Amino acid sequence: KLKDVISSGRFGTIMHAEGNYSHDLLAYQPADNWRSAPQETRAGGMTGMGIHLLDAFSFLIGPLQGVSAMSTRRTLPLPSGDTTAALVSFRDGATGTIATTLKTQYVWRLGVYGSELWAESLSETRVVLCGLGQEPDTIDLPATNHIGMNLESFARAALKQGAFHIDEAGILHTVAALEAIFRSAAAGAAWQTIE
C-alpha cells in the first residue's frame, strides 16, 4: 500500500523515512546458539531485523547512499551490542533513521514523510495516511502470508518458472547497505558510503 501511494506522487517530495523493528524474541537464546554468535549478530539487531527496514527503505524510496551507525550493549551479553541506531542518506537527497533493539516488547514501525503527505505502517496490515490539512486516515488491509509469498517466489525462481520478486540489484544493494552499517558501527559511527 505504501509503495502504491508513493508511486502515485501524493507524497510530493520524500523528505525523510524512519523505522524501528525491535523485539525480545531472541533475548534469551543460549550463549552458544548460532543466533548469539558475533558473526551473526553484527551491529546488534541489524542482521535479523534492521535488514528488513533497509529493504523497505530501498523498495519504497530508492537507493541508499551512505550510513552512520552505532551499536551499544545495554542489557544482553552480546559482544556486538543489543541496541543499534543508524542515520542514512538516500541518493535522491532524502534522509532516514533506523533503530533496532534485541530487548524490548515487539514493535514494527515504518514512517515516510513527504512534502504533501506522511504515512506510517504500524503492523503488517495497517497503514495510516495524513495529507496537509487533513485528519489521519487509517487503512486496514487483509492479512497476507508474506513469508509464504517470499518462499513461493524463491522456489519459482529456483525452478526457473519466473523471476524472484526482488531483482538481483535490489538484493545486492540491501546487502551493501547492511555491510556499510557493520563497518560504521565497528568504526565508531564513522560515515560509510554504500556501494
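Further up the page is the structure itself.
Residues numbered from 1 in each chain as written. Predicted model: local features only at pLDDT ≥ 70, side-chain atom pairs only at ≥ 80, totals over all residues. Heavy atoms only, no water.

Trainee: Is there a simple way to think about the packing of aromatic side chains in this case?
Mentor: The geometry of an aromatic ring pair is captured by two quantities: the separation of the ring centres and the angle between the planes. Evaluation of the coordinates by the stated rule reveals 4 aromatic pairs. For the pair tyrosine 21 and tryptophan 108, a centre-to-centre distance of 5.4 Å together with 80 degrees between the ring planes defines the contact as edge-to-face. In this pair, tyrosine 21 is assigned in strand β1 (residues 14-22) and tryptophan 108 in strand β5 (residues 107-114), connecting sequence segments 87 residues apart. Measuring from centroid to centroid gives 6.2 Å for phenylalanine 154 and phenylalanine 164, while their planes differ by 85 degrees, and the two rings are edge-to-face. One end of the pair, phenylalanine 154, is in helix α3 (residues 146-158); the other, phenylalanine 164, is in the loop between α3 and α4 (168-186), and 10 residues separate them in sequence. Classification of phenylalanine 164 by relative accessible area gives partly exposed; the value is 25%. Chaining the aromatic ring pairs together yields one cluster made of Tyr21, Tyr106 and Trp108. (Phe/Tyr/Trp six-rings, centres within 6.5 Å; stacked < 30°, edge-to-face > 60°. Helix = DSSP H or I, 4+ residues; strand = E, 2+ residues; numbered from the N terminus. Buried < 20%, exposed > 50% of the residue type's maximum accessible area, 1.4 Å probe, protein only.)

Trainee: Just to check I follow, could you spell out α4 for this structure?
Mentor: Every α-helix winds through 3.6 residues per turn, so residues three or four apart in the chain are directed the same way. Taking 1.5 Å per residue as the helical rise, α4 with its 19 residues ought to reach 27 Å, and the 27 Å between its terminal C-alpha atoms agrees with that figure. For α4, the full list of buried residues reads Gly170, His173, Thr174, Ala176, Ala177, Leu178, Ala180, Ile181, Phe182 and Ser184. Buried residues along α4 sit against α2 (50-60), β2 (64-72), β3 (83-90) and β9 (192-193). Trailing α4 by a residue or two, glycine 188 shows a phi angle of about 65 degrees, which is positive. (Expected span 1.5 Å × (residues − 1). Contact = heavy atoms within 4.5 Å.)

Trainee: Help me out: how do you make sense of the layout of surface pockets in this one?
Mentor: A water-sized probe, rolled over the atoms, reveals where empty space remains. Of the volumes computed, that of the largest pocket is approximately 1,700 Å³. Residue lining of the largest pocket: 38 residues in total, with His52, Ala56, Trp108, His146 and Asn150 positioned closest to the centre. Broken down by element, the lining of the largest pocket gets its largest block of residues, 7 residues, from α2. Residues belonging to the lining of the largest pocket are distributed by class as follows: 18 nonpolar, 13 polar and 7 charged. Roughly 460 Å³ of volume is contained in the second largest pocket. Around the second largest pocket, the lining is made up of 22 residues, and of these Leu26, Arg35, Ser36, Thr41 and Leu102 lie nearest the centre. Classifying every residue of the lining of the second largest pocket gives 11 nonpolar, 9 polar and 2 charged. (1 Å grid on protein atoms, 1.4 Å probe; cavity = no way out; pocket = protein on both sides within 12 Å on 5 of 7 lines; lining within 4 Å. Points joined across faces, edges and corners; volume = space filled by probe spheres on them. Nonpolar A, V, L, I, M, F, W, Y, C, P; charged D, E, K, R; others polar.)

Trainee: Help me out: how do you make sense of the packing of α2 against α4 in this one?
Mentor: Two quantities define a packed helix pair, namely the angle between the axes and the distance from one axis to the other. Between α2 and α4, whose axes approach to 9 Å, the crossing angle comes to 130 degrees. Of the possible angle classes, the one that applies to α2 and α4 is oblique. Relative to α4, α2 is oriented so that their crossing is right-handed. Within the contact between the two elements, α2 uses Ile51, Leu54, Asp55 and Ser58 and α4 uses His173, Thr174, Ala177, Leu178 and Ile181. (Axes fitted to C-alpha atoms, helices over the stretch in contact; angles between N-to-C directions. Parallel < 35°, antiparallel > 145°, perpendicular 65-115°, else oblique. Left-handed = near helix turned anticlockwise from the far one by under 90°.)

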